[in-house]
Number of protein chains: 2
Amino acid sequence: MIDSESGVPVYRQLADIVRRQIECGELAPGQRLRTEPEYEFEYGISRASVRRAIAILRQEGLITTSRSGSRVRTVRAMAEVPIGDETRVTTRMPTEMERRQLGVPEGVPVFVVEQDGDQQILAGDRTALIVKAGRD
Amino acid sequence: MIDSESGVPVYRQLADIVRRQIECGELAPGQRLRTEPEYEFEYGISRASVRRAIAILRQEGLITTSRSGSRVRTVRAMAEVPIGDETRVTTRMPTEMERRQLGVPEGVPVFVVEQDGDQQILAGDRTALIVKAGRD
DNA sequence: ACGTATTTGTACGTATGTATC
DNA sequence: AGATACATACGTACAAATACG
């Protein structure tokens with residue numbers, strides 16, 4: 001299970017375990033994770049370590065957490081936004097203000113799309129950029 | 001300074017203070033932040049709260065932290081990568097493995113560039129995508 | 001509708017390890 | 001070698017939102 005002597009931090013070990021469960025579908029999108037005390041007792045680690053592990057997965061955009069527990073993030077429908085010639089695209093984490101305005105959970109980056117001196121911020125969890133020839 | 005009665009968590013208040021210092025240039029890129037004990041005593045909060053505040057800024061991509069302290073992230077030279085027609089671009093946070101492989105710090109998202117069934121992962125802190133007409 | 005239990009959130013403290021200066 | 005500074009990990013307590021009977 002979890003080996004506190006392995007050199008790998010226990011919170012990271014738990015994050016790895018749950019991440020694998022998500023990746024292999026053992027924990028399906030929308031499904032609830034176990035509660036913090038459950039992980040705590042099952043793996044014999046402190047609640048602080050459990051919370052750190054869960055925070056990692058949240059930052060990776062794999063789960064969302066509410067007062068009633070954590071769930072595997074469901075895949076959002078991606079709006080395919082066409083971008084045209086001379087467009088410059090970068091990506092970064094949103095400020096907290098941007099996060100609220102865009103309505104994106106933790107662990108979701110944003111696109112910064114610049115064209116003609118005009119700048120647009122797009123939520124990374126529901127936007128795919130498609131290069132369309134001849135478009136602007 | 002920091003008001004523990006304000007309703008806003010103290011770790012968030014500290015994160016807000018330091019973020020503002022970074023945004024207004026009071027803390028310049030490359031410059032060291034104060035040490036954890038310094039924040040602890042200056043604001044009269046626990047070290048755990050200081051560490052949470054610093055973790056927030058790291059996740060936002062604003063600072064990097066090493067054993068010798070935290071520094072404001074310097075802006076990396078952006079390689080402008082041309083992308084051509086029918087390319088699909090998404091963004092997300094990297095897995096930890098990807099982070100190590102790409103050599104990007106915490107708080108830096110990646111581009112996923114798909115073209116002709118080929119998929120490429122690009123570091124978000126040193127890549128800008130430019131749509132170039134006629135390119136593939 | 002109400003109280004209770006559950007579950008996460010915040011905040012503190014302590015101790016020890018390890019890399020850096 | 002010693003001091004500094006961050007990293008890990010444990011514990012406690014209480015608050016607040018949610019779910020349940």
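These lines cover the structure that appears in this document, whether it is placed above or below. Keep in mind the model is a prediction, meaning the values are calculated, not measured.

Digging into the packing of aromatic side chains
Each aromatic ring pair is summarised here by two numbers: the centre-to-centre distance and the angle between the ring planes.
Residues and elements named next belong to chain A.
Link 1 in the chain: Applying the stated criterion to the full structure yields 3 aromatic pairs over all chains.
Link 2 in the chain: Look at Y39 and Y43: their rings are 6.3 Å apart centre to centre, the planes differ by 25°, and that puts the pair in the stacked class. Of the two residues, Y39 and Y43 both sit in helix α2 (residues 36–43), 4 residues apart, roughly one turn of that helix. Residue Y39 shares its accessibility class with Y43, and that shared class is buried.
Link 3 in the chain: Its guanidinium or amino end placed over the ring of Y11, R52 lies 3.9 Å from that ring's centre, counting from NZ or CZ.

Examining the relation of the copies chain B and chain A
Link 1 in the chain: Least-squares fitting of chain B to chain A yields an RMSD of 0.2 Å, with the transformation described by 0.2 Å of translation along the axis and a rotation of 180°. On this basis, the relationship between the two copies can be described by a two-fold rotation axis. The rotation axis passes nearest to the C-alpha of P109(B) in chain B, at a distance of 3.0 Å.
Link 2 in the chain: Taken as a fraction of all interface residues of chain B, those also at the interface in chain A reach 94%, which identifies the copy contact as same-surface.

Topic: the protein's contact with DNA strand C
Link 1 in the chain: The immediate surroundings of DNA strand C are formed by 18 residues, with R51(A), Y11(B), S46(B), S49(B) and R52(B) found nearest.
Link 2 in the chain: Take the atoms of DNA strand C that sit within 4 Å of the protein: sugar and phosphate atoms are 77% of them.
Link 3 in the chain: Within the contact set of DNA strand C, a phosphate oxygen lies 2.9 Å away from a backbone nitrogen or oxygen of E36(A).
Link 4 in the chain: S49(B) places a side-chain nitrogen or oxygen 2.5 Å from a phosphate oxygen of DNA strand C.
Link 5 in the chain: Mapped by element, the contributors of at least two residues to the surface near DNA strand C are α2, α3 (47–59) and β1 (63–66) of chain A together with α1 (10–23) and α3 (47–59) of chain B.
Link 6 in the chain: The residue makeup of the surface near DNA strand C, split by class, is 5 nonpolar, 7 polar and 6 charged.

Cut-offs used in this document
Residues numbered from 1 in each chain as written. Chains lettered and ligands numbered in written order. Predicted model: local features only at pLDDT ≥ 70, side-chain atom pairs only at ≥ 80, totals over all residues. Heavy atoms only, no water. Phe/Tyr/Trp six-rings, centres within 6.5 Å; stacked < 30°, edge-to-face > 60°. Helix = DSSP H or I, 4+ residues; strand = E, 2+ residues; numbered from the N terminus. Buried < 20%, exposed > 50% of the residue type's maximum accessible area, 1.4 Å probe, protein only. Lys NZ or Arg CZ within 6 Å of the ring centre and 35° of its normal. Least-squares fit on C-alpha atoms with pLDDT ≥ 70 in both. Contact = heavy atoms within 4.5 Å. Near = heavy atom within 4 Å. Polar contact = N/O pair within 3.5 Å; in protein donor to acceptor, adjacent residues only side chain to side chain. Nonpolar A, V, L, I, M, F, W, Y, C, P; charged D, E, K, R; others polar.

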